[in-house]
Amino acid sequence: RARIADPPGWISLVSTTGKCTRFAVPDAPAAACAIEDAPGPYVARIAQPVWAGVGRDTPHVGQLEVGARVRVAEVAPQPIDGRVRGRIDEPGGWISL
C-alpha cells in the first residue's frame, strides 16, 4: 500500500487478489487483464513518462496523466526491463503496459 496526496488516500501497489497489476489497460472493461497485449486503444492507470525508444534508458519525450487515452500501434515482442512495452502515436514514443 502507498499513501497518495491527490486525491488523499491509499492505493494498492501490488494486487492481493491474484488479478493483474497494470500501468495501462485496454480501453475496454473486460480486457483490463488480457493475457496477450495487442495494439489498440488503452487508458493510462498511472501517470508515466513516454520514452523515445523501447528501452527506459532513452530520453523522455512526453508524459501521460492518469486516465489519458492513447492508441498503442505496436507491442514489443519481448518484455523490456521486466515490462511489456507499447509504442504510441501521440505523443510519439513508448510506454509500459
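If you're wondering where the values come from, they're calculated on a predicted model, not measured in any experiment.

A. Region of the structure containing the overall build of the protein. Helix and strand counts for the protein come out as zero helices and nine strands. Reading the protein from its N end, one meets helices and strands in the order β-β-β-β-β-β-β-β-β. Here the protein holds 97 residues, and 29% of them are scored as buried. Surface exposure of the protein reaches about 6200 Å², of which carbon and sulfur atoms provide 57%.

B. Here's a closer look at the confidence of the model for the protein. Here the protein shows a mean pLDDT of 78. Residues at 70 or above account for 63%. pLDDT under 50 marks residues 13–17. Its contacts with residues more than four places away, or in other chains, come to five contacts.

C. Main features of the pattern of salt bridges. Inspection of every chain in the model, using the stated rule, returns two salt bridges. Arg-87 is the salt-bridge partner of Glu-74, the closest N and O atoms lying 2.9 Å from each other. Remark: Arg-87 occurs in strand β8 (residues 85–88) and Glu-74 occurs in strand β7 (residues 69–75); sequence separation between them is 13 residues. Accessibility expressed as a relative area gives 29% for Arg-87, which makes it partly exposed. Among the salt bridges present, the one from Asp-89 reaches Arg-87, with a minimum N-O distance of 3.6 Å. Three or more residues are tied together by salt bridges with common partners; here these are Glu-74, Arg-87 and Asp-89.

Definitions and limits used
- Residues numbered from 1 in each chain as written.
- Predicted model: local features only at pLDDT ≥ 70, side-chain atom pairs only at ≥ 80, totals over all residues.
- Heavy atoms only, no water.
- Helix = DSSP H or I, 4+ residues; strand = E, 2+ residues; numbered from the N terminus.
- Buried < 20%, exposed > 50% of the residue type's maximum accessible area, 1.4 Å probe, protein only.
- Areas by Shrake-Rupley, 256 points an atom, 1.4 Å probe, with all protein chains shown as cover.
- pLDDT = per-residue confidence, 0-100.
- Contact = heavy atoms within 4.5 Å.
- Salt bridge = Lys/Arg side-chain N within 4 Å of Asp/Glu carboxyl O.

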